[in-house]
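Inside the fold
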Amino acid sequence: MKKKDQLNPDDISLFRTSVMGTRRIVQDIVSHSPKRKKINQAAPARLMQEQVDASYYFSDEFQPNLDMEGPTRYIREGANHYELKKLRRGDYPPELFLDLHGLTQLQAKQEIGALIAACRREHVYCACVMHGHGKHILKQQAPLWLAQHPDIIAFHQAPKEWGGNAALLILVETDDFTQR
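Residues numbered from 1 in each chain as written. Predicted model: local features only at pLDDT ≥ 70, side-chain atom pairs only at ≥ 80, totals over all residues. Heavy atoms only, no water.

Turning to the overall build of the chain, a few remarks are in order. Of regular secondary structure, the chain possesses 5 helices and 5 strands. Reading the chain from its N terminus to its C terminus gives the helix and strand order α-α-β-α-β-α-β-α-β-β. For the chain, with 180 residues in total, the buried portion stands at 36%. Contacts in the chain between residues far apart in sequence, at least 24 positions, make up 74% of those at least 6 positions apart. Split by element, the accessible area of the chain, about 12,700 Å² in all, is 53% carbon and sulfur. (Helix = DSSP H or I, 4+ residues; strand = E, 2+ residues; numbered from the N terminus. Buried < 20%, exposed > 50% of the residue type's maximum accessible area, 1.4 Å probe, protein only. Contact = heavy atoms within 4.5 Å. Areas by Shrake-Rupley, 256 points an atom, 1.4 Å probe, with all protein chains shown as cover.)

This is the structure:
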């Protein structure tokens, strides 16, 4: 320290008398756990209600006007047809997969409804529904159900790396939907 910055002896004695009888504080480490739950942990009752609500849209009597020639595909009215082309080429890798092998039609409807609800909750844009070949029941019904749901933008038969003609890639409208 420079001479001009040094304290005079009166200031030093005043400081020492004012802090006399004190002791150093010992640092204790206390970690507080957060009182709120994680955002992605929804209540089981809420998850069941989402699944029931999402499967409400599916009817076995309704027959949407799907093009039966070529691969299975659908684009919602007013959506960009380029999205369907990108889906066909495999530009969108699916983030969630649903395997319907061995399920009944009722179980498959509920699981598809749960998948769509999960996609909306987790902000997932592309998912894969693997219906398999089997007796072609789910292969025929899954596109009919998906075309009825208002949150489905498009679906197309999956490219070979995602299941080929035994699977569908779907685009789900999320709350933060923007044209990609």
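Let us now look at the sheet that holds strand 1 (residues 73-75). Read from one edge to the other, the open sheet built from 5 strands follows the order 1-4-5-3-2, with strand pairing classed as mixed. A strand with exactly one partner marks an edge of an open sheet, and here the two such strands are strand 1 and strand 2 (96-99). Within this sheet the neighbouring strands show an average axis-to-axis angle of 20°, counted without direction. Along the sheet, helix 3 (residues 81-89) contacts strand 1, strand 3 (126-130), strand 4 (152-157) and strand 5 (167-172); its crossing angle with strand 4, the most-contacted strand, is approximately 40°. (Pairing = 2+ DSSP bridges. Axes fitted to C-alpha atoms, helices over the stretch in contact; angles between N-to-C directions.)

Counting 24 residues, the largest nonpolar core has Ile112, Leu146, Ile152, Phe155 and Ile170 as its most contacted members. At the level of secondary structure, the elements contributing two or more residues to this core comprise helix 4 (105-122), strand 3, helix 5 (137-148), strand 4 and strand 5. Considering every element that reaches this core, the biggest residue donor is helix 5, with 6 residues. In this structure, Ala79, Leu87, Ala158 and Leu171 belong to the second largest nonpolar core, which totals 14 residues. (Core = buried A, V, L, I, M, F, W, Y, C linked by side-chain atoms within 4.5 Å.)

This part is about unusual backbone geometry. Of note in this structure, His123 is not a glycine but carries a positive phi near 60°. Relative to the helices and strands, His123 is located in the loop between helix 4 and strand 3. Overall, the relative accessible area of 42% leaves His123 in the partly exposed class. Of note, the phi angle at His136 is positive, near 65°, even though the residue is not glycine. You can see His136 is positioned in the loop between strand 3 and helix 5. Under the relative-accessibility criterion, His136 is labelled partly exposed at 37%.

The next thing to look at is the packing of aromatic side chains. Inspection of the entire model under this criterion finds 3 aromatic pairs. Each ring, one from Tyr74 and one from Phe155, has its centre 5.3 Å from the other, and the planes form 25°; the classification is stacked. With Tyr74 in strand 1 and Phe155 in strand 4, this residue pair connects regions lying 81 residues apart in the sequence. Among the residues examined, Tyr74 registers a relative accessible area of 18% and is labelled buried. Relative to Tyr125, the ring of Tyr92 has its centre 5.3 Å away and its plane inclined at 80°; by these criteria the two rings are edge-to-face. Remark: Tyr125 occurs in the loop between helix 4 and strand 3 and Tyr92 occurs in the loop between helix 3 and strand 2; sequence separation between them is 33 residues. (Phe/Tyr/Trp six-rings, centres within 6.5 Å; stacked < 30°, edge-to-face > 60°.)

Its place among the elements puts Pro159 in the loop between strand 4 and strand 5. For Pro159, a relative accessible area of 11% corresponds to the buried category. Residues Pro159 and Arg88 lie 71 residues apart in sequence; the distance between their C-alpha atoms is 6.6 Å.

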